[in-house]
Amino acid sequence: MLAAWGLTTSVAQPAQRSYLNDMIPSAQRATVLSFHSLLGSAGGIGTQPALGRAADLNGYGFSLLLGGVISACALPFLALSRAQRDPADEATTLVATE
């Protein structure tokens, strides 16, 4: 499970950064990416101890469920992002040149 989680993260993080880079104008890119990193760190600092305490009080199952609920809070923001129909949402294929 740990190896699968590590592999998934190693694929998801570059894909997420590439997606953000494609959506953000170059003049604002550094600010937005820095803010994204800040929120990720702040979320880890606040959420992980809270989930650990929830596991202490109510068990690991409850903590995993709570983590899933917290993660599901991102779905409306994902839907709003997709509603913008940004070109970064379209999959592209690479064409080999000879």
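What counts and how
Residues numbered from 1 in each chain as written. Predicted model: local features only at pLDDT ≥ 70, side-chain atom pairs only at ≥ 80, totals over all residues. Heavy atoms only, no water. Helix = DSSP H or I, 4+ residues; strand = E, 2+ residues; numbered from the N terminus. Rg over C-alpha atoms; globule rule 2.2 N^0.38 Å. Areas by Shrake-Rupley, 256 points an atom, 1.4 Å probe, with all protein chains shown as cover. Lys, Arg positive; Asp, Glu negative; His and termini not counted. Charge placed at Lys NZ, Arg CZ, Asp CG, Glu CD. Patch = residues over 30% accessible without salt bridge, like charges linked within 9 Å, V, L, I, M, F, W, Y side chains within 5 Å. Salt bridge = Lys/Arg side-chain N within 4 Å of Asp/Glu carboxyl O. Buried < 20%, exposed > 50% of the residue type's maximum accessible area, 1.4 Å probe, protein only.

Colleague: Can you explain the overall build of the protein? Please cite residues and give values.
Modeller: Helix and strand counts for the protein stand at four helices and zero strands. If you list the helices and strands of the protein from N to C, you get α-α-α-α. For the protein, the C-alpha radius of gyration of 17 Å lies well beyond 13 Å, the compact-globule estimate for 98 residues. With respect to the three principal axes, the spread of C-alpha positions in the protein is 60 × 30 × 25 Å. Just so you have it, the protein exposes about 8200 Å², and 66% of that area is on carbon and sulfur atoms. The positive charge centre, built from 5 side chains, and the negative charge centre, built from 6, are 10 Å apart in the protein.

Colleague: Please give an account of a nonpolar patch on the surface that cites residues and values.
Modeller: Together, Phe 35, Leu 38 and Leu 39 give the surface a local cluster of nonpolar side chains, amounting to about 320 Å² of exposed area. Relative to the helices and strands, Leu 38 is located in helix 2 (residues 29–58). A residue is classified by how much of its surface remains accessible, and Leu 38, at 52% relative accessible area, is exposed.

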